[in-house]
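These are the residues of each chain, in order.
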Amino acid sequence: MLPARMTMALLAGSLACPAIARADQDFCVDDMAGLRAALVAWTSAPDAQVTIRMVQGTYAVDGAAGATLGAFQASSPVSLLLLGGYTSGCAARELDPRNTVIDGRNEMTARLRLSNVAGDVLFEGLTFTRLPDGIDVVHDGSQPASGHRLRVSHCRIVDNDTRAGSGNPTYTLRLWGVGASTSGAEVALENSLLARNYNQGFGLASVLTTGNGGRIVLTDSTIAANPVGIGTAAITLQTFSGVSGLDFVVMNDIAWHNGTPGAYLDIDVSNAPQPPAITYTLAGAIKGTIAPTTTNLDVDPRFLSPNGGNFRLGPDSPALDAGSAEQPGALPDVDLDGRPRVAGSAIDLGAYEAIPGDLIFYSGMDD
């Protein structure tokens, strides 16, 4: 019999998750031990889908108590949905990453690594913090990657510091969507916050990588105040020489003041096979050539309290109503706070939508 803290349950489709087939597995977890056990089950699951629904709370790494995450290697083409925001028993869901936190507590080697992935992966509605060895999702290089999707959506990736890690080359976030014959998956960071992550000295930071026929998606996200080494961007969008059929969807983002003061570098596309289209984006420094556009901004986004960790937009922000509805795949229904998009005449740039008349509510530090 499974322990109460990790009950298998078939939940109603009203929670907006994909329908569960007979061979699929569904877990409802409410502590780190249950989360780890469900991830271990994913590694040996058959060709199907594993859904892990996480009850709201903090899932803290505690090596002394045996509460660890670590590396998980799939043994078959199985997909994984890791979803936060559920109430007790996974009876209902509130999509707000502040309510479901994976906290590495800066323990050395604290990380979440999925390897040999040969299916889809989705992380949604989660905060990842103090994981010094980062978040790493790597497609199986012996299996075709075409048609697969590796996505991080509605997540907060904040305050991860590689100086506390194992000393090995470490990414804050890596989505590696390259399969057999350099085939490419869709790799995506959507409606998320990547902020205050320290990578200086490692020269890696965060990377989205795909191959032939793949797609790189960076939409509706805020990437800010990430200290990285000189010459390294907070996020790199890359592939390999000779790759063809690559699609970039980069729009409605903010990337600002990442790197070293006086040498900021926000986005790196220097390894793209052709100048990618980056549109409706506020960015201070982009490495590489992009397709010509008149829709981008290079001005202070005027966050409410960046020193306090609040990267919502102030009432005088140039990012207000500066986005486009012509986003492939449609706009998200809600922002990172779970508040409706769109509040003004157009979508706001970045992960947060400013609600007219309600800006004062978010004037302090982030929570």
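Residues numbered from 1 in each chain as written. Predicted model: local features only at pLDDT ≥ 70, side-chain atom pairs only at ≥ 80, totals over all residues. Heavy atoms only, no water.

### Observations regarding the overall build of the protein chain
Moving on, step 1. Summing up its helical and strand segments, the protein chain has one helix and 30 strands in all.
Moving on, step 2. Looking at the protein chain residue by residue over its 367 residues, the buried ones come to 56%.
Moving on, step 3. Counted over contacts in the protein chain with a minimum sequence separation of 6, partners at least 24 positions apart contribute 75%.
Moving on, step 4. Carbon and sulfur atoms form 52% of the exposed surface of the protein chain, whose accessible area is close to 14,100 Å². (Helix = DSSP H or I, 4+ residues; strand = E, 2+ residues; numbered from the N terminus. Buried < 20%, exposed > 50% of the residue type's maximum accessible area, 1.4 Å probe, protein only. Contact = heavy atoms within 4.5 Å. Areas by Shrake-Rupley, 256 points an atom, 1.4 Å probe, with all protein chains shown as cover.)

### What to know about helix α1 (residues 32–43)
Moving on, step 1. With twelve residues, α1 extends 17 Å between its outermost C-alpha atoms, agreeing within 8% with the 16 Å of an ideal straight helix rising 1.5 Å per residue.
Moving on, step 2. What α1 keeps buried is the set Met 32, Gly 34, Leu 35, Ala 38, Leu 39, Ala 41, Trp 42 and Thr 43. (Expected span 1.5 Å × (residues − 1).)

### A word on the pairing of strand β11 (residues 135–139)
Moving on, step 1. Along β11, five of the five residues are buried, which leaves the element largely enclosed by surrounding structure.
Moving on, step 2. Of the two faces of β11, the one carrying Ile 135, Val 137 and His 139 and the one carrying Asp 136 and Val 138 are both buried.
Moving on, step 3. Where strand β8 (residues 112–117) meets β11, four bridges bridge the pair, whose relative direction is parallel. Paired with Val 117 across the strands is His 139, a residue of β11.
Moving on, step 4. Relative to strand β14 (residues 173–177), β11 runs parallel, the two being bridged by four bridges. Looking across to β14, one finds that Val 137 is bridged to Leu 175. (Pairing = 2+ DSSP bridges.)

### Focus on the environment of Leu 126
Moving on, step 1. Relative to the assigned elements, Leu 126 resides in the loop between β9 (121–124) and β10 (127–129).
Moving on, step 2. Separated by 29 residues in the primary sequence, Leu 126 and Pro 97 have C-alpha atoms spaced 4.3 Å apart.
Moving on, step 3. With sequence-adjacent residues up to four places away left out, Leu 126 is seen in contact with Met 54, Leu 82, Leu 83, Gly 84, Pro 97, Thr 100, His 154, Cys 155 and Arg 156.

### Here we look at the environment of Asp 161
Moving on, step 1. In this fold, Asp 161 is placed in the loop between β13 (156–158) and β14.
Moving on, step 2. On the accessibility criterion, Asp 161 (17% relative accessible area) is buried.
Moving on, step 3. Through-space distance from the C-alpha of Asp 161 to that of Asn 106 is 7.5 Å; in sequence the pair is 55 residues apart.
Moving on, step 4. Beyond its immediate stretch of four places on either side in the chain, Asp 161 contacts Pro 132 and Tyr 198.

### Some remarks on the confidence of the model for the protein chain
When pLDDT drops low, the exact placement of atoms in the prediction is not to be read closely.
Moving on, step 1. Counting all residues, the mean pLDDT for the protein chain is 88, and 88% of those residues have values of 70 or more.
Moving on, step 2. A low-confidence stretch, residues 1–15 stays under pLDDT 50, and its non-local contacts, those more than four residues away or across chains, total 27 contacts. (pLDDT = per-residue confidence, 0-100.)

### Considering the state of the cysteines
Moving on, step 1. Under the definition given, this model contains one disulfide.
Moving on, step 2. Across the disulfide from Cys 28 sits Cys 90; the S-S distance is 2.1 Å. The sign of the 95° torsion about the S-S bond sets the Cys 28-Cys 90 disulfide as right-handed. Note that Cys 28 is positioned in strand β2 (residues 25–29) and Cys 90 in the loop between β6 (79–86) and β7 (100–103), a separation of 62 residues in sequence.
Moving on, step 3. With relative accessibility at 1%, the residue Cys 90 sits in the buried group. (Disulfide = S-S within 2.5 Å.)

### Description of the sheet that holds β11
Moving on, step 1. Ordered by their spatial adjacency, eight strands build an open sheet running β5-β8-β11-β14-β17-β20-β25-β28, and the pairing between neighbours is parallel. Each end of this open sheet is capped by a strand with a single partner; those strands are β5 (70–73) and β28 (286–287).
Moving on, step 2. As paired elements, β5 and β8 share four bridges and run parallel to each other. Following the sheet pairing, Ala 71 is matched in β8 by Arg 113.
Moving on, step 3. Sheet strands touched by α1: β5 and β8. Its angle to β5, the strand with the most contacts, is close to 30°. (Axes fitted to C-alpha atoms, helices over the stretch in contact; angles between N-to-C directions.)

### As for unusual backbone geometry
Moving on, step 1. The amide bond that connects Arg 341 to the next residue, Val 342, takes the cis arrangement and shows omega of 5°.
Moving on, step 2. Mapped onto the secondary structure, Val 342 falls in the segment after β30 (310–313).
Moving on, step 3. Of note in the backbone geometry, Asp 220 takes a positive phi value of approximately 55° without being a glycine.
Moving on, step 4. By the element assignment, Asp 220 lies in the loop between β18 (215–219) and β19 (222–224).

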